[in-house]
Protein chains: 4
Amino acid sequence: MTLAFGYLGPEATFTEAALIQLLEARGHTDAERVPMHNTEAAFDGLVNGRLDGAVVPIENSVEGGVPATLDALTSHGHLQIIAETLVHVKFVLCARPGTQLGDITTYSTHPHAEAQTRGWTARNLPGAHYLPASSTAAAARDLAPLPPGSDGQPAADAQPTGAGSAGDVRYQAAICPALAAERYGLEVLAEDIGDITGAVTRFVLVKLPGALPEPTGADKTTLVAQLASDRAGALLELLEQFSTRGVNLSRIESRPTGDGLGLYQFSIDAQGHLAEARVAEALAGVHRVARRLQFLGSYPEATGSRVFVAPHNTDESFAEAQAWLERIRSVGL
Amino acid sequence: MTLAFGYLGPEATFTEAALIQLLEARGHTDAERVPMHNTEAAFDGLVNGRLDGAVVPIENSVEGGVPATLDALTSHGHLQIIAETLVHVKFVLCARPGTQLGDITTYSTHPHAEAQTRGWTARNLPGAHYLPASSTAAAARDLAPLPPGSDGQPAADAQPTGAGSAGDVRYQAAICPALAAERYGLEVLAEDIGDITGAVTRFVLVKLPGALPEPTGADKTTLVAQLASDRAGALLELLEQFSTRGVNLSRIESRPTGDGLGLYQFSIDAQGHLAEARVAEALAGVHRVARRLQFLGSYPEATGSRVFVAPHNTDESFAEAQAWLERIRSVGL
Amino acid sequence: MTLAFGYLGPEATFTEAALIQLLEARGHTDAERVPMHNTEAAFDGLVNGRLDGAVVPIENSVEGGVPATLDALTSHGHLQIIAETLVHVKFVLCARPGTQLGDITTYSTHPHAEAQTRGWTARNLPGAHYLPASSTAAAARDLAPLPPGSDGQPAADAQPTGAGSAGDVRYQAAICPALAAERYGLEVLAEDIGDITGAVTRFVLVKLPGALPEPTGADKTTLVAQLASDRAGALLELLEQFSTRGVNLSRIESRPTGDGLGLYQFSIDAQGHLAEARVAEALAGVHRVARRLQFLGSYPEATGSRVFVAPHNTDESFAEAQAWLERIRSVGL
Amino acid sequence: MTLAFGYLGPEATFTEAALIQLLEARGHTDAERVPMHNTEAAFDGLVNGRLDGAVVPIENSVEGGVPATLDALTSHGHLQIIAETLVHVKFVLCARPGTQLGDITTYSTHPHAEAQTRGWTARNLPGAHYLPASSTAAAARDLAPLPPGSDGQPAADAQPTGAGSAGDVRYQAAICPALAAERYGLEVLAEDIGDITGAVTRFVLVKLPGALPEPTGADKTTLVAQLASDRAGALLELLEQFSTRGVNLSRIESRPTGDGLGLYQFSIDAQGHLAEARVAEALAGVHRVARRLQFLGSYPEATGSRVFVAPHNTDESFAEAQAWLERIRSVGL
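In this text the structure is predicted, and so the values were computed from the model without any measurement.

**Things to note about the overall build of chain A**
Alright, step 1. Of the regular secondary structure elements, chain A holds ten helices and 15 strands.
Alright, step 2. Expressed along its principal axes, the backbone C-alpha trace of chain A runs to roughly 85 × 50 × 35 Å.
Alright, step 3. Expressed as a percentage of its 333 residues, the buried residues of chain A come to 52%.
Alright, step 4. Sequence-distant contacts, at least 24 apart, represent 78% of the contacts inside chain A between residues at least 6 apart.

Structural data, given as C-alpha cells:
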C-alpha cells in the first residue's frame with residue numbers, strides 16, 4: 001500500500017519541499033503527498049488513519065519558533081516527532097511567461113513573505129500595490145497560465161483567495177518558493193529576493209506514537225514543560241535538571257499557557273536521545289519538578305553533528321554509578 | 001502644542017483602544033492619535049519628531065510575545081518604554097445595519113482574528129467563505145455604509161485591501177474590535193466571539209530616551225540580552241545574574257538573532273526599577289556576561305502589584321554592604 | 001557468645017559513656033566494652049574479628065569534626081556506620097578523697113581538656129601548675145587512691161604517663177568526665193567546669209560492612225567525596241547533585257587529601273537513607289562527578305527528627321517519573 | 001626602634017621558622033622575635049602594642065585548617081592578615097651529643113608530632129616509651145646539654161614540662177624541627193622522619209587593621225562567613241555569590257559556631273584582592289546573604305601564582321558595566 005504523508009498546504013510551499021527531502025532520505029519517494037489545510041487537520045489525518053506522517057514547520061532562523069506548530073503539538077498530546085530536516089528559505093518573484101518587471105503594478109503573496117521581501121520590492125517594484133494572499137503558493141497558483149484547452153476555470157479543488165481567481169487576477173506577479181513557480185508554469189523574474197539571506201526553516205516529521213528511532217549519537221529530544229509555579233527560580237530549577245546531568249539545550253522557547261499573562265510553558269530541544277541515561281534521568285527530574293511534561297520524541301538531528309558528552313555523563317559512567325549503588329545496597333558498602 | 005501619539009493602525013484597532021487608556025491615565029485626553037502603517041513607521045515618527053510617543057503591542061496571553069514589536073524595539077536600539085497597559089481582547093461580528101446572520105455568505109478579518117474565532121464561525125456561519133484582510137479594522141472600514149451624500153468613493157487615505165473597497169465589497173460581515181464597529185457605523189451581530197475568552201494583550205508606550213519614570217515599588221524593567229555563546233549553561237549563567245540579587249523575571253522569551261538556528265537573544269521583563277540597587281547590579285552583571293545587552297526602560301507595572309523584596313536584597317541591605325566595603329577598604333578591616 | 005565493642009580508651013572517657021548509651025539503646029547491656037589505644041587499633045579489631053563494633057567520636061559542637069576519626073574512616077575504606085549518639089561534654093575537677101581546693105598546686109588532664117577549662121582554672125586555681133596527660137581518664141586513673149592491700153603498684157595494664165604513676169604522682173587533681181572520677185574512686189570538687197557549657201560530642205558506632213539499618217524516616221547518610229579538580233565550581237557542582245534532588249546536608253567539612261595545600265575531600269552528612277530514591281540518585285550523581293566517593297553508612301539520626309521531603313522529591317514522585325519514562329520508552333510517548 | 005614580632009612559641013618551632021622567612025622577605029631581619037604562649041596571647045600583644053605583628057599557623061596539608069588559629073582570628077575580630085608563607089614540615093630525631101639510637105628507651109615530643117612519626121618510631125625505636133611534651137621544641141629544650149659552668153638549673157624562663165626538667169630528664173631523645181635541635185645543641189640522629197613526606201604548613205602574618213597590602217595580581221582574600229540559616233541551600237547561595245562574579249575559592253573550611261551541632265561558619269580563602277571589583281562585589285553579596293561576615297585581609301599569595309580572570313570579570317569589564325549603568329540612568333537609555 002502506498003504511504004501517505006500530509007504537509008501544511010497548499011502545494012508547492014516550503015513545507016512540501018521539506019516533505020520531499022524527508023521522503024528521499026527515508027527511501028519513500030513514491031509516497032503520496034497530501035496538502036492539508038492547517039496543522040490541526042494534518043494531525044487529525046494521523047489520528048484517523050488517512051496519513052502515515054505529517055510534516056510541519058517548527059522553527060525559523062528569522063522568526064523563531066512557529067507558534068501554531070508548537071501549540072498544536074502541545075495541545076494534541078499524542079504525537080511523536082521522528083525526524084527533522086532543514087530547508088533554505090528563498091523567495092522568487094514570478095509571473096506568467098512573457099511578463100516584464102516593468103509590467104508589474106500589483107503583486108501578491110502571503111503577508112509574512114511580503115514582510116520578508118519588503119526591501120527588495122521597495123527597490124525593484126516602487127509604486128507597486130500589494131495584495132495579500134492566504135499563502136505564497138496560492139498567489140502563484142491563482143496566477144498560473146490556463147492550460148491549453150482549458151475552459152478558463154481553475155482546478156476543481158482550488159479555493160479562490162481574496163486576491164482573485166485565475167480567470168480574474170488583479171495582479172501580475174507572485175512572490176513564492178521556486179517549487180511553486182515551477183509547478184504552476186510561471187517564469188522566474190528574480191531569485192532569492194528575501195531581505196535576509198541565509199534564512200533556514202526547520203521542519204519535523206510527526207506520526208502516531210510508536211517505537212523511537214534508534215539513537216545515532218547525534219540526536220535531539222523535544223519536550224514541552226510547564227513550570228510548577230511562576231515564582232522566581234522555577235525556570236532555573238528546570239534548567240538545573242538538565243545541567244546537573246550534562247544535557248545541553250539547543251532550543252528553548254517560552255510559550256504562554258493561555259491561562260493569563262506571565263504563565264509560561266517551555267518548548268525545549270535537548271541534545272541527546274531518551275535511550276541515553278543522562279537524558280532519561282534529566283527528563284525524569286523535569287517530570288518531578290514540572291507541573292506538566294510532554295515528551296515529543298527523540299530523533300536524529302538534521303545536520304548529524306555528534307553530541308559531546310563529558311566522561312562523567314556517559315552511559316558507562318551512569319552504569320558504573322548504578323552498579324556502585326547496587327553494591328553498597330547489598331553488602332552495606 | 002497638542003501632543004501626538006502614534007499607534008499601530010489602522011484606526012479602531014485594539015492598539016488605539018490601548019492608546020486611549022494610556023492617554024486617560026496620563027491626563028492627555030486631548031492628544032492627537034495618529035495611526036501608523038507599521039511598527040517601524042511609528043518608531044520613525046518618534047525619531048523625526050512627528051510623534052511624542054507610540055503605542056505597540058508587546059505580549060498576548062494566547063499568542064505570547066509579539067515578534068514584530070520585540071524585534072523592532074531591539075533593532076531600533078534607541079527607544080524607551082515608559083508605560084504599559086492591558087487590553088481585553090474581545091471580537092465582535094458586525095455588518096451593515098439591517099443585515100441578518102443568515103444573510104452572511106462571506107466574512108472578512110485579519111488572518112489572526114480568523115484563527116481565533118474559528119470555533120464560533122464554524123458553529124454560527126457554517127459554509128461561509130473567509131476573505132483575508134490586512135487588519136480587523138480594515139475589514140470593518142471597507143464594509144462601512146456610504147455616508148449620506150457620498151459619491152461612492154472611500155476616504156482618500158484609505159488603502160483598498162484585497163477584500164475589496166467600500167464600493168465593491170464582496171463580503172457581508174467583519175470580525176473586529178467593538179471600537180471599529182462603532183466607529184464605522186456597523187451593527188454588532190454577536191459579541192465576544194473569540195474561541196478563547198479572557199485573552200489579554202499588553203501594550204507599551206514608547207518614546208525617545210529621556211529621564212526614567214520615578215520608581216513606584218511596583219515596577220518592571222525590560223531588556224534584551226544576547227548570550228555570549230550557545231554553549232550549555234550560558235542561559236543558566238544569565239539567569240543567575242538575576243537570582244543572585246533576588247530579582248524575579250515576569251517574562252522571558254527567546255527570539256532568534258537572525259544569524260542562524262540555535263542562536264538566541266532573550267527578551268526579558270524583570271520585576272523592579274533600575275533605580276533599585278538589586279536591579280542595577282543584576283543588569284551590570286548581565287552586561288558583563290552577555291554578548292550584547294539592551295535596556296528598554298523601567299516603568300510602572302500595569303496592575304500595580306508591589307514587588308516583594310527579601311530583607312537581604314533591599315536598597316538598605318545593598319547600602320550597608322557598600323558602607324562595610326568602604327570601611328574595610330579604608331582602615332583595612 | 002558475648003558481643004565485644006571497642007571504644008577509644010582509656011576507660012571512663014566520654015567515648016565509653018557513648019558506648020554505654022548505644023548498648024543500652026540496642027539492648028546489649030551485657031556486651032564487653034574494650035578500651036582501644038587509638039582509632040586504627042579499634043578498626044583493626046573489627047577486621048580481625050576481636051570486636052563486633054567500635055565507637056569513635058566524629059564531631060564536636062565546639063571543635064568541629066574530629067580529624068583523626070574522619071581520616072581513619074576514609075583511609076580504612078571498608079567500614080560502615082550503623083548508629084550515632086550524642087554525649088554532653090561536662091568536665092569535673094576531682095581529687096583523692098579529703099583533698100581541698102586549696103591543697104591543689106598542680107593538676108593534670110589532656111591538653112584539649114586543659115584548653116576547654118582554662119577560664120575556670122584561672123579563676124579557681126590561680127597559680128596552679130598544669131601537667132599534660134595522654135587522656136583525661138589517664139589523669140584520673142593515675143591519681144586513684146591505692147586499693148586496700150595494694151602493693152603500691154598500678155594495675156598491670158596501666159601505661160605510666162608523663163604525669164607520673166600512681167605511686168609517684170606529682171599533682172593533686174585531675175580534670176576528667178564524671179565517669180572517670182566515679183570509676184577511680186576520686187572525689188568531685190567541682191562540676192561542669194568547662195568554659196563553654198552545652199558542648200555536645202557526637203559518636204558513631206562502626207562495624208564491618210553488612211545490611212544497612214532499616215530506614216526510619218529520620219535517617220542520616222555519611223559519605224566522603226573527593227573533588228575531581230580544584231577548579232572553581234567543583235564544590236558547587238558537587239552540592240548541586242544534592243540540591244537538584246532536594247537532599248539537605250546537615251554537615252559538610254573539608255579535609256585535606258594530604259596531597260598538598262588546596263586539595264580537599266569533603267566529609268558529608270546528608271539527610272535521608274540510601275533506600276530513599278532521592279538519596280540514591282544524588283549519591284549516584286556524586287559518584288559520577290567526584291574523583292572518589294566513599295559511602296560510610298545510612299543510619300537513624302540520634303534525635304529522631306523526621307526529614308522533610310518536598311512532594312516532588314518523595315519516593316512516590318521518583319517512582320511516577322520512572323513509570324512515565326518506561327511508558328514513553330515502550331510506546332514512544 | 002626595633003620592630004617586634006610574636007610567634008606561637010616556644011622558640012625553635014616551625015612557627016619561628018615561618019617568621020624568619022617572612023622577616024627575610026620583608027627586609028626586617030633585625031626585628032625582635034618574641035615567643036608567645038598561645039594564639040590569644042600573641043593577639044593580645046598586638047592590641048597592647050607590645051608586638052608589631054604575629055605569626056600563626058593557619059593550614060596544614062595533612063591536618064587541614066588549624067582550628068585554634070581560625071577560631072582565634074574569628075573571635076578576636078579586629079586583626080588583619082597581611083602576608084603568608086609556606087614551611088615544609090620535617091621532623092628530626094635528636095639527642096644529647098654522643099647518644100646512639102640503641103641507647104634510646106624513651107623519647108618525647110608533642111602528641112601531634114608523635115602521631116605523625118609513629119611509623120618511623122615503630123620501625124626504628126621498637127619498644128621505646130613515649131612521653132608527651134607540651135611542644136616539640138620543649139621536648140628538645142628540656143633535653144639540652146647543660147652549658148659549661150652551669151649550676152645544673154635550666155634557664156630562668158623555662159617552664160618545666162611534664163616530661164621532666166633538664167636536670168631530671170627521663171627520656172633520651174626528642175622529635176622536633178631541625179631549628180630546635182640546632183638551637184639547643186642537640187645532635188640529629190635521623191632526618192625527615194615523618195610518616196608523610198612533603199607536608200607543608202601555611203603561616204600568616206597578622207597585625208592591627210590598617211592599609212591593605214597593594215594588589216599584585218597574585219593575591220588571596222581571607223574571610224569568615226556565618227550562614228544565615230542551616231536550611232539546605234544556604235551554602236549553595238553563599239558559593240553562588242562568588243561564582244556569579246567569577247571568584248574562585250582556594251580553601252573553604254567549615255567550623256562550628258559553637259552554638260550547637262549543625263551550625264557552621266565557613267573560613268574561606270578567595271583568589272583575588274579586595275581592590276578588584278569582582279572580589280569587592282562578591283564580598284558585598286556575601287555581606288547581604290550571610291548572618292555575619294568578617295574580612296580578614298587581602299595579601300599576596302605565597303607562591304606568586306597569578307589569578308586567572310575571565311575577560312567578563314576583569315576590572316575593565318566591571319567599569320564598562322558601571323559606565324553603561326550611569327549612561328542609561330542619566331539619559332534613560
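Structure's up, so let's keep going.
**Observations concerning the sheet that holds strand 7 (residues 106-109) of chain A**
Residue and element names in this part refer to chain A.
Alright, step 1. Spatially, five strands are ordered 8-7-9-6-10 in an open sheet, and the strand pairing comes out mixed. Two strands bound the open sheet, and with one partner strand each, they are strand 8 (129-132) and strand 10 (187-190). Ignoring strand direction, the axes of neighbouring strands in this sheet form an average angle of 40°.
Alright, step 2. Across the sheet, helix 6 (residues 136-143) is in contact with strand 6 (91-95), strand 7 and strand 9 (173-177); its angle to strand 9 comes to roughly 135°.

**So, the relation of the copies chain D and chain B**
Alright, step 1. Between the two copies, chain D and chain B, the superposition gives an RMSD of 0.1 Å; the rotation angle is 180° and the shift along the axis is 0.0 Å. As the rotation angle and translation indicate, the two copies are arranged about a two-fold axis. Across chain D, the rotation axis passes nearest the C-alpha of Thr244 of chain D, at a separation of 3.7 Å.
Alright, step 2. Mapped onto chain B, 100% of the interface residues of chain D are again interface residues, and the two copies thus contact each other with one and the same surface.

**Describing the interface of chain D and chain B**
By a frequent convention, interface size equals the accessible area lost on bringing the separate parts together.
Alright, step 1. Taken together, the contacts link 31 residues of chain D with 31 residues of chain B.
Alright, step 2. Sorting the residues of the side of chain D that touches chain B by element identifies helix 8 (234-243), helix 9 (277-289) and helix 10 (315-331) of chain D as the ones contributing at least two each.
Alright, step 3. Sort the elements by how many residues they give to the side of chain D that touches chain B and helix 10 of chain D lands first, with nine residues.

**What to know about unusual backbone geometry**
Alright, step 1. Of note, the phi angle at Ala12 of chain C is positive, near 70°, even though the residue is not glycine.
Alright, step 2. Note on placement: Ala12 of chain C falls in the loop between strand 1 (4-8) and helix 1 (14-26).

**Details of the environment of Phe14 of chain B**
Alright, step 1. Its place among the elements puts Phe14 of chain B in helix 1 (residues 14-26).
Alright, step 2. Along the backbone, Phe14 of chain B and Asp142 of chain B are 128 residues apart, and their C-alpha atoms lie at a distance of 18 Å.

**Focus: the sheet that holds strand 10 (residues 187-190) of chain B**
Residues and elements named next belong to chain B.
Alright, step 1. Taken in spatial order, the five strands of this open sheet run 8-7-9-6-10, and their pairing is mixed. Every other strand in the sheet has two partners, leaving strand 8 (129-132) and strand 10 as the edge strands with one partner each. Between one strand and the next, the sheet's axes are offset by a mean angle of 40°, whatever the strand orientation.
Alright, step 2. Judged from the two bridges that link them, strand 7 (residues 106-109) and strand 9 (residues 173-177) form a sheet pairing that is parallel. Opposite Tyr107, over in strand 9, you have Ala173 as the bridge partner.
Alright, step 3. Of the strands in this sheet, strand 6 (91-95), strand 7 and strand 9 touch helix 6 (residues 136-143), which is tilted by about 135° from strand 9.

**Side note on the domain arrangement of chain A**
Residue and element names in this part refer to chain A.
Alright, step 1. Domain boundaries in chain A define domain 1 (1-89 + 198-210), domain 2 (91-190) and domain 3 (211-333).
Alright, step 2. The interface is formed by seven residues belonging to domain 1 together with ten residues belonging to domain 2.
Alright, step 3. Taken together, the residues that form the side of domain 1 that touches domain 2 break down as four nonpolar, one polar and two charged.

**Looking at the confidence of the model for chain A**
Alright, step 1. Across chain A, the average pLDDT comes to 87, with 90% of residues at 70 or higher.
Alright, step 2. Across the predicted assembly, pTM comes out at 0.82 and ipTM at 0.82.

**Considering the packing of helix 8 (residues 234-243) of chain A against helix 9 (residues 277-289) of chain A**
Relative orientation and spacing of two packed helices are given, respectively, by the angle between their axes and the distance between those axes.
Residue and element names in this part refer to chain A.
Alright, step 1. Put simply, helix 8 and helix 9 touch, their axes get as near as 8 Å, and they point 160° apart. On the basis of their axis angle, the class for helix 8 and helix 9 is roughly antiparallel. Viewed along their axes, helix 8 and helix 9 form a crossing whose handedness is right-handed. Within the contact between the two elements, helix 8 uses Glu237, Leu238, Gln241 and Phe242 and helix 9 uses Ala282, Gly285, Val286 and Val289.
Alright, step 2. Along the lines of polarity and charge, the residues of the contact of helix 8 with helix 9 split into five nonpolar, two polar and one charged.

**A word on the arrangement of the chains**
Alright, step 1. The smallest C-alpha distance separating chain B from chain C is 13 Å, and no contact links them.
Alright, step 2. Nothing in chain A touches chain D, and the closest approach of their C-alpha atoms is 13 Å.

**Re the nonpolar core**
Alright, step 1. Core analysis: the largest hydrophobic core is formed by 296 residues, its most contacted members being Ala140 and Cys176 of chain A.
Alright, step 2. Aside from chain neighbours lying at most four places away, what touches Cys176 of chain A is Phe91, Val92, Cys94, Thr109, Thr136, Ala137, Ala139, Ala140 and Ala181 of chain A.

**Things to note about helix 6 (residues 136-143) of chain D**
Residues and elements named next belong to chain D.
Alright, step 1. Helix 6 sits mainly inside the fold: eight of its eight residues count as buried.
Alright, step 2. Regarding helix 6, the residues found buried are Thr136, Ala137, Ala138, Ala139, Ala140, Arg141, Asp142 and Leu143.
Alright, step 3. Elements in contact with the buried residues of helix 6: strand 6 (91-95), strand 7 (106-109), helix 4 (111-116), strand 9 (173-177) and helix 7 (178-183).

Reading the values: the criteria
Residues numbered from 1 in each chain as written. Chains lettered and ligands numbered in written order. Predicted model: local features only at pLDDT ≥ 70, side-chain atom pairs only at ≥ 80, totals over all residues. Helix = DSSP H or I, 4+ residues; strand = E, 2+ residues; numbered from the N terminus. Buried ≥ 20, exposed ≤ 12 C-beta atoms within 10 Å, placed from the backbone. Contact = placed C-beta atoms within 7 Å. Pairing = 2+ DSSP bridges. Axes fitted to C-alpha atoms, helices over the stretch in contact; angles between N-to-C directions. Least-squares fit on C-alpha atoms with pLDDT ≥ 70 in both. Domains from an automatic or database assignment. Nonpolar A, V, L, I, M, F, W, Y, C, P; charged D, E, K, R; others polar. pLDDT = per-residue confidence, 0-100. Parallel < 35°, antiparallel > 145°, perpendicular 65-115°, else oblique. Left-handed = near helix turned anticlockwise from the far one by under 90°. Core = buried A, V, L, I, M, F, W, Y, C linked by C-beta atoms within 7 Å.

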